[in-house]
Amino acid sequence: MDTATLEQLCEAAASLYDRGYAFGSTGNLSLRDGEHVWITPTGGALKRLRPHDLACVDLDGEPLNQNRASKELPFHLAVYRARSEARAVVHLHSTYAVALSCLEVLDAEQPLPPLTPYYFMRVAPLAVLPYFRPGSPALAEAVEQAASGHHCMLLRHHGTVCAGASLNEALDRAEELEATARLFFVLRNERTRLLSTDEIDELRRAFANP
């Protein structure tokens, strides 16, 4: 993968950090290039990465350079196995999405209400996965199963996973998911008009999101 593309990955990571979507050493991003995957390293903050900091592995997770990949590498690879068109994965611990994932009662079929058309255009359907220890093989297995039918996943007590055919697409999905979760909490105690069934059906016809 060329250096300019890896620079874009580092710039995107820094932007997420600077805008409060990531903090400390949380969150990880990856790009697939044929049989190779470039991913942010373990234990590093997203705010100051350079291309030479990124880990490179093959699709079996075998290291191809000296950098240690994020411990969440297994579920990044799981997404790439499940979605042949995926070229980028963004995993965040963004505040409102994590808050959503911690609610005791959460409808797995509709974890977020139909507030805006953009949620349906970029995110829905959103898969809700049960809690697994971060980095565990069971988490990767659950992500792989869910990713076959979903671009976006909400991990209980953990965060979000969003895939895209490009880095920009994966980022758009991650940011839209966090924005919708924030709207949900802002409006939670207010009388709110939701999109109607007919309006939602029209969106699904116009913006199919398999």
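Look up a bit, the structure's there.
Residues numbered from 1 in each chain as written. Predicted model: local features only at pLDDT ≥ 70, side-chain atom pairs only at ≥ 80, totals over all residues. Heavy atoms only, no water.

**Considering the side chain of Thr-26**
Now for step 1: When you line up the elements, Thr-26 lands in the loop between helix H1 (3–18) and strand S1 (28–33).
Now for step 2: Polar side-chain contacts of Thr-26 include one of 2.6 Å to the backbone oxygen of Phe-23.
Now for step 3: Excluding residues that lie within four positions of it along the chain, Thr-26 makes contacts with Leu-46 and His-93. (Helix = DSSP H or I, 4+ residues; strand = E, 2+ residues; numbered from the N terminus. Polar contact = N/O pair within 3.5 Å; in protein donor to acceptor, adjacent residues only side chain to side chain. Contact = heavy atoms within 4.5 Å.)

**A look at the pattern of salt bridges**
Now for step 1: Applying the stated rule across the entire model yields 7 salt bridges.
Now for step 2: Of the charged contacts, one joins Arg-81 and Glu-144 as a salt bridge, the two residues approaching to 3.0 Å between their closest N and O atoms. Here the residue Arg-81 occupies a position in helix H2 (residues 73–82), and Glu-144 occupies one in helix H5 (residues 137–147), the gap between them amounting to 63 residues.
Now for step 3: By relative accessible area, which is 27% here, Glu-144 ends up partly exposed. (Salt bridge = Lys/Arg side-chain N within 4 Å of Asp/Glu carboxyl O. Buried < 20%, exposed > 50% of the residue type's maximum accessible area, 1.4 Å probe, protein only.)

**Details of the nonpolar core**
Now for step 1: Within the largest apolar cluster, 41 residues are counted, with the highest numbers of intra-cluster contacts made by Leu-29, Val-90, Tyr-119, Leu-126 and Leu-167.
Now for step 2: When residues of this core are traced back to their parent elements, those giving at least two are H1, S1, strand S4 (88–92), helix H3 (95–101), helix H4 (117–122), strand S6 (152–155), helix H6 (167–186) and helix H7 (197–206). (Core = buried A, V, L, I, M, F, W, Y, C linked by side-chain atoms within 4.5 Å.)

**Quick look at the sheet that holds S4**
Pairing between sheet strands relies on hydrogen bonds along the backbone, with the strands arranged either parallel or antiparallel.
Now for step 1: Read across the sheet, 7 strands follow the order S3-S2-S1-S4-S7-S6-S5 without closing on themselves; strand pairing throughout is mixed. Either end of the sheet is taken by a strand with one partner, and the two such strands are strand S3 (55–58) and strand S5 (126–129). This sheet shows a mean twist of 20 degrees between the axes of neighbouring strands, independent of strand direction.
Now for step 2: Sheet topology note: the S6/strand S7 (residues 159–164) ladder contains 4 bridges and is antiparallel. Bridge pairing in S7 places Cys-152 opposite Cys-162.
Now for step 3: The strands touched by H1 are S1, strand S2 (36–39) and S4; relative to S1, the strand with the most contacts, the crossing angle is about 160 degrees.
Now for step 4: Across the sheet, H5 lies against S5 and S6, angled at about 145 degrees from S6, the strand it touches most. (Pairing = 2+ DSSP bridges. Axes fitted to C-alpha atoms, helices over the stretch in contact; angles between N-to-C directions.)

Any link to function would need more than the numbers given here.
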